[in-house]
Each structure stands twice: as C-alpha cells, then as structure tokens.
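Secondary and tertiary structure notes
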Amino acid sequence: MGRLMSHDAHHQTSNASSVDRPLSPHLTIYKPQISSMLSIAHRLSGVALFVGLLFFVWYLVLSTYHGVEAFAFLTNSILGRFIMFLWSLAMYYHLYNGIRHLFWDAGMGYELTTMRKTGWLTIILTLVSTLITWALVLGSY
Amino acid sequence: MSIRTPLAQAKGLGSAKDGVHHWWLLRVSSVALIPLTFWFVYIVLQVCFSPHATSPAYFLSSVYQSVAMILFIVVGLYHGMLGMREVIEDYVHCGCIKLALLTLINFVSIVSMVVAVLTVFNVQ
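First things first, this report covers the structure right here in the doc. (Residues numbered from 1 in each chain as written. Chains lettered and ligands numbered in written order. Predicted model: local features only at pLDDT ≥ 70, side-chain atom pairs only at ≥ 80, totals over all residues. Heavy atoms only, no water.)

A look at the overall build of chain B
Across its full length, chain B carries four helices and zero strands. Counted from the first residue to the last, chain B has its helices and strands arranged as α-α-α-α. Rg of the C-alpha trace for chain B: 19 Å, well past the compact-globule value of 14 Å for 124 residues, more than 25% over. Each principal axis of the C-alpha distribution contributes one length, and for chain B these read about 60 × 30 × 25 Å. Residues counted as buried form 41% of the 124 residues belonging to chain B. When contacts within chain B are restricted to residue pairs at least 6 apart in sequence, those whose partners lie at least 24 apart make up 65%. Carbon and sulfur atoms provide 75% of the accessible area of chain B, an area that totals close to 7,000 Å². Between the mean site of the 6 positive side-chain charges and the mean site of the 4 negative ones, chain B shows a separation of 7 Å. (Helix = DSSP H or I, 4+ residues; strand = E, 2+ residues; numbered from the N terminus. Rg over C-alpha atoms; globule rule 2.2 N^0.38 Å. Buried < 20%, exposed > 50% of the residue type's maximum accessible area, 1.4 Å probe, protein only. Contact = heavy atoms within 4.5 Å. Areas by Shrake-Rupley, 256 points an atom, 1.4 Å probe, with all protein chains shown as cover. Lys, Arg positive; Asp, Glu negative; His and termini not counted. Charge placed at Lys NZ, Arg CZ, Asp CG, Glu CD.)

Structural notes on the interface of chain B and chain A
Between chain B and chain A, the residue contacts involve 42 residues of the former and 33 residues of the latter. Both faces combined, the contact of chain B with chain A buries some 3,200 Å², and carbon together with sulfur accounts for 77% of it. Linking chain B to chain A there are two salt bridges. Here D90(B) makes a salt bridge to R43(A), at a shortest N to O gap of 2.5 Å. (Buried area = accessible area lost by both parts, 1.4 Å probe. Salt bridge = Lys/Arg side-chain N within 4 Å of Asp/Glu carboxyl O.)

Now the structure itself:
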C-alpha cells in the first residue's frame, strides 16, 4: 500500500504522515463500469485531442509555407494514418460524450438506465462516425 | 453577489482557487465546438478529395472558411486549455510544478493561436 498523500495546501508533513499506512485497494478491485470507463475515456480523449490539435495547428502552418512535405508523414505512412485514425476516434468520442455532459449540466439524464443507454449510444455513434469518415478518406485515394 | 466570505475570496481555497467562471466557459466553448468540429471534418474530407490541394489552407481563401478555421483553432485550443487545467489541478499538487505546467500550457496554446491566425490571414 502507498503513503497517504495529504491534500491540503500547506503540505505539512508530520511524523504521522511519513509512516506507511495500509490503504484500501481501489483501481485493482473496482469493477469497470460504463459510467467510470466513459468518464476516464472523456478525460483521456480530451488530453489527446489537445495535443493533437497543437500538432494540427503547426502542421497547418508548415504546410501553408512549405507545401506537401510537411504532411507527407501523416498521410503517406501507415503509422501516420493510424495516429490520425486514433485522433479522429478521440475527437468523435469526446464530441458525443461532451454533448452527453451538456445534457447532464441541464439536469437531464441522470437516471442509471438513461445513463447506460446514452453511454452505449455515445459508443455506437463514435464508432459509426469514425468508420464512415475513414471509409470516405480511404476511398478518396 | 457572492456568498463567500471576504477571507475565503482572498485566500481562494481549494486547488483551483476559483471555479464557476471556468466551468461556464468550458461549457460555452464546448457548445461552439459542436458545429465547428463537424465543419472541420468537412474541410479535412475536402482536402482528401481534391488531389491538387496541398494543405487545408487551399480552401481558406473564402472568408467563411477562414473564419471557421480560426474559430475552430482558437476555441478548440481555449477549450483544451481549460480542460487541461482541470486535469492538472486534479493530479498535480506541488504548487510550483502546477503553476509551471499551467503557465506552459497557456503560453503554448496562445502562441499556437496567434501563429494559426496569422497563417490564415496570410493565405487570403
């Protein structure tokens, strides 16, 4: 078990907190559920999208001034296309789950049954949108 | 009118120091990003389907497209800045590292926004 981190702003360490106390297990024993899995996926996809958007901005800048070579890696290599595929997956997921969040902010959809249904709807919409988009992209080559 | 005591307002208790404004801006920017994201997908598909386009900038000669591109990048990075702030506040507790990371993300985002806007201008 790990050390219990003190979360207060002053970070005072006393003798008591430097002793390793046993902690209850959490991530290792908690059953993965659609609520928690989609929630962490929303966070992960958000971070990935942010990094990817920064890359896109610089790709836009470089390709504007330097032409084709700037984006050859992304479009012509398998790894580049795979990265873009993952980014589009994250984008669609974050978009649809984000809309789900907005409904929650309006106070709607908190019932467990509704939450599970909208959760699965999000997953299905994400997969369908990504597949359609990439069918179009790959079909254009 | 705030119901916080003056001391609480001054000290800004909690990891974020303030929250409601940040929360609201995150929501507003996410609403704006819904149409902007679909527009962005449309532009990317356009680039794929036109063999002579070397970059999305090819389509930015129209005012509407360049406005949408600027909005997508600026609002997207802004939304990302706010979101990353939440993530950092959740996981980083050392004051110095937290401040440094937040500042770094803000600076990188703002620099990227400015660069993107100027690039789009130059395409006109």
